[in-house]
Amino acid sequence: MHSLPVILVLTVLTVFLTSPAQVIGYRPYPPKTNGSDQIFDASKKFEGSSNLVRLRYHMGPVLTNNITVHPIWYGTWQKSQKKIIREFINSISAVGSKRPSVSGWWKTVQLYTDQTGSNISGTVRLGAEKNDRFYSHGKSLTRLSIQSVIKSAVGSRSRPLPVNPKSGLYLLLTADDVYVQDFCGQVCGFHYFTFPSIVGFTLPYAWVGNSAKLCPGVCAYPFAVPEYIPGLKPVKSPNGDVGVDGMISVIAHEIAELATNPLVNAWYAGPDPVAPVEIADLCEGIYGTGGGGSYTGQMLNDHTGATYNVNGIRRRYLIQWLWSHVVSYCTGPNALD
């Protein structure tokens, strides 16, 4: 999940009314500090190995079956924006992409197993999609109303999304004029699972918002930068859309954590299952070699000056590294590509 500025997101959780369950949230850029990096308890960013990290398996399910991602497009989206996101999802298990590749990045996720020793699937495909262009639940959503949007998508009379609790991921993407509870202030995206009392099924889902109009300096970093850090310059986005290019890293973050911790009882660090620190949280803000603290690490630039660190099928993207429990280290796409 994603949380405040350049600091790794301390998973942000919000209690759902009377339910004790909480939702895990993430921001790609760190919160305001006094200029010095915080210790592990406050900042989970590590590039090097560390005996402070206790990422453990808690015996819950992971996504070992072929994974199908179902986008729900909430609000007004341009065709070009949808194409950027669709091509990223299709790149996760693509064969033959130039290194470093999105599929090479996913191989770190595939290292994680369930209690039978089965690995997370290497196949991630784009499934049926749903458009909610008329803002069926308004332009200001709560954590609970997000689940209602998903309920409408799977229960629609016209082309409902298939219900797939074991290998389906439901990805709610909100347009740049939609505000979601805690958006910008605490999170840029989060994942959890739906409540049967609301949706009728237990389905792993994630929400990610387009921050272009509301808070690009918070949620589209490093393509935009926070106003409170003078002199810091943004880098050029690889696909010419700051809001959507910023979403890609959050989407990658959430999909990786949904695969390894879909019901919040599988792979995570920390003693509290309602506030888990997951495989992307541990490497938040790290996009290349040497990353840590407020430094993103070494990234790549194309001939136009755009910044990226992975190649997809036809596009380039900037996504954060992931924690490998095998080596206790944040690893990038080249590690296993």
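Residues numbered from 1 in each chain as written. Predicted model: local features only at pLDDT ≥ 70, side-chain atom pairs only at ≥ 80, totals over all residues. Heavy atoms only, no water.

As annotated in an unreviewed UniProt entry, the chain is Protein EXORDIUM-like from Arabidopsis suecica. UniProt lists a comment for the chain under the heading Subcellular location (unreviewed entry), and it reads "Secreted, Extracellular space, Apoplast". If you open the UniProt record of the chain and go to Sequence similarities (unreviewed entry), you find "Belongs to the EXORDIUM family." (UniProt positions renumbered as here; feature names shortened; annotations may be inferred.)

On to the pairing of strand β7 (residues 168–174). Counting buried residues along β7, seven of its seven residues qualify, which places the element largely inside the surrounding structure. Because side chains alternate across β7, one face comprises the buried residues G168, Y170, L172 and T174, and the other comprises L169, L171 and L173, equally buried. Pairing between strand β3 (residues 67–74) and β7: seven bridges, direction parallel. In the strand pairing of β7, V69 is matched with L169. The pairing of β7 with strand β10 (residues 204–209) spans five bridges and is parallel. When the sheet's bridge partners are listed, T174 is paired in β10 with G209. (Buried < 20%, exposed > 50% of the residue type's maximum accessible area, 1.4 Å probe, protein only. Helix = DSSP H or I, 4+ residues; strand = E, 2+ residues; numbered from the N terminus. Pairing = 2+ DSSP bridges.)

Right, let's get into the packing of aromatic side chains. Counted under the stated rule, the structure contains 13 aromatic pairs. Geometrically, the ring pair formed by F190 and W207 is tilted, given 5.3 Å between the ring centres and 50° between the ring planes. Residue F190 is located in strand β9 (residues 189–193), and its partner W207 is located in strand β10; the two are separated by 17 residues in the primary sequence. Given a relative accessible area of 0%, F190 falls into the buried group. Aromatic rings pair up to connect F88, W105, W106 and Y317 into one cluster. Sitting above the plane of the Y135 ring, K139 keeps its charged end 4.7 Å from the centroid. The positively charged end of R143 is found above the aromatic ring belonging to F190, 4.3 Å away from the centroid. (Phe/Tyr/Trp six-rings, centres within 6.5 Å; stacked < 30°, edge-to-face > 60°. Lys NZ or Arg CZ within 6 Å of the ring centre and 35° of its normal.)

Another aspect to go through is helix α3 (residues 143–155). Its 13 residues give α3 an end-to-end C-alpha distance of 19 Å, which sits within 8% of 18 Å, the value for a rise of 1.5 Å per residue. Among the residues of α3, R143, L144, S145, I146, Q147, V149, I150, A153 and V154 are the ones counted as buried. (Expected span 1.5 Å × (residues − 1).)

Now for the state of the cysteines. What the rule picks out here adds up to three disulfides. There is a disulfide in this structure between C188 and C219, and the S-S distance comes to 2.0 Å. Residues C188 and C219 are joined through a disulfide that is left-handed, its torsion about the S-S bond being -80°. With C188 in the loop between β8 (179–180) and β9 and C219 in helix α4 (residues 216–219), the pair connects residues that are 31 residues apart, well separated along the chain. (Disulfide = S-S within 2.5 Å.)

As for its placement among the helices and strands, M299 is situated in the loop between β11 (267–269) and β12 (300–301). The spatial distance from the C-alpha of M299 to the C-alpha of N309 is 5.6 Å, given a sequence separation of 10 residues. If near-sequence neighbours (up to four positions away) are discounted, M299 is found in contact with Y287, T307, Y308 and L318. (Contact = heavy atoms within 4.5 Å.)

Let's shift gears to the environment of P333. On the secondary structure map, P333 appears in the segment after β17 (329–331). Residues P333 and I319, spaced 14 residues apart in sequence, show a C-alpha to C-alpha distance of 9.7 Å. Those residues in contact with P333 that lie beyond four places of it in its chain are P100, S101, G104, W105, N309, V310 and W321.

The next thing to look at is unusual backbone geometry. The omega torsion of the bond from R99 to P100 falls at -10°, within 30 degrees of zero and hence cis. Among the secondary structure elements, P100 is positioned in the loop between α1 (79–91) and α2 (102–110). P222 follows Y221 through a cis peptide bond whose omega is 5°. Its location among the elements puts P222 in the loop between α4 and α5 (242–260). Phi is positive for Y135, which is not a glycine, with a value near 55°. With respect to the secondary-structure elements, Y135 resides in the loop between β5 (130–132) and β6 (140–141). The backbone of S328 shows a phi angle near 50°, a positive value even though the residue is not glycine. The residue S328 is located in the loop between β16 (322–324) and β17 in this model. The exposure class of S328 is partly exposed, given its relative accessible area of 27%.

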